Amino acid sequence: MHSFASKRNFFLAIILLLVLPAQGYSQPHGQVKGLVYDSQTMSSLPGATIIFGKERGTVADEHGNYLFVAETGTLMVKFQYVGY
């Protein structure tokens, strides 16, 4: 039986596959990747929300890793984690 997280990750992967080719015709872009973790315990924060640009976002994977593509330049990034 598939877990909710694996179904969510599959859905997000399909969305990225559909959206990323269209971005190739717009302004230059680059990848932003990282790890969301608690600065006191150094524990990763799986499921954290990463919001960037104009109301765009992604979710950290089960290990707290995230990756997104954005236009080059200065970018405001906001991290949220509910229930911690």
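Summary of the structure given here. Model, not experiment: these values are computed from the prediction.

**Points about the pairing of strand β2 (residues 49-52)**
Two faces belong to every sheet, and in a regular strand the side chains alternate between them.
Alright, step 1. Of the two faces of β2, only the one carrying Ile50 and Phe52 is buried; Thr49 and Ile51 on the other face are not.
Alright, step 2. Alignment of β2 against strand β3 (residues 56-59), held across four bridges, turns out to be antiparallel. Bridging across to β3, Ile51 finds its partner in Gly57.
Alright, step 3. The antiparallel pairing of β2 with β3 creates a hairpin that spans three residues between the two strands, and Gly53 there sits at a positive phi of about 60°.

**Notes on the nonpolar core**
Generally speaking, soluble globular proteins have nonpolar side chains that are buried together.
Alright, step 1. If you look at the biggest cluster of nonpolar residues, it comprises nine residues: Val36, Leu45, Ala48, Ile50, Phe52, Ala60, Tyr66, Phe68 and Ala70.
Alright, step 2. Listing elements by their share of this core, those giving two or more residues are β2 and β4 (65-71).
Alright, step 3. It is β4 that contributes the most residues to this core, three residues altogether.
Alright, step 4. Residues contacting Ala48, with those up to four places away along its chain left out, are Val36, Thr58, Val59, Ala60, Gln80 and Tyr81.

**What to know about the packing of aromatic side chains**
Alright, step 1. Enumeration according to the criterion identifies three aromatic pairs in this entry.
Alright, step 2. Considering the side-chain rings of Phe52 and Phe68, the 3.7 Å spacing of their centres and the 10° angle between planes classify their relative orientation as stacked. Separated by 16 residues along the polypeptide, Phe52 in strand β2 and Phe68 in strand β4 bring together distant segments of the chain.
Alright, step 3. Look at Phe68 and you get buried, because its relative accessible area is 4%.
Alright, step 4. Linked through ring pairs, Phe52, Tyr66, Phe68 and Phe79 together constitute an aromatic cluster.

**Side note on unusual backbone geometry**
Note: most peptide bonds trans; most residues except glycine with negative phi.
Alright, step 1. The phi dihedral of Met42 falls on the positive side, at around 65°, and the residue is not glycine.
Alright, step 2. By secondary structure assignment, the location of Met42 is in the loop between β1 (29-35) and β2.
Alright, step 3. Look at Met42 and you get exposed, because its relative accessible area is 55%.
Alright, step 4. Positive phi values are uncommon outside glycine, yet Glu55 reaches one of about 60°.
Alright, step 5. The exposed category is assigned to Glu55, whose relative accessible area is 80%.

What counts, and at which threshold
- Residues numbered from 1 in each chain as written.
- Predicted model: local features only at pLDDT ≥ 70, side-chain atom pairs only at ≥ 80, totals over all residues.
- Heavy atoms only, no water.
- Buried < 20%, exposed > 50% of the residue type's maximum accessible area, 1.4 Å probe, protein only.
- Helix = DSSP H or I, 4+ residues; strand = E, 2+ residues; numbered from the N terminus.
- Pairing = 2+ DSSP bridges.
- Core = buried A, V, L, I, M, F, W, Y, C linked by side-chain atoms within 4.5 Å.
- Contact = heavy atoms within 4.5 Å.
- Phe/Tyr/Trp six-rings, centres within 6.5 Å; stacked < 30°, edge-to-face > 60°.

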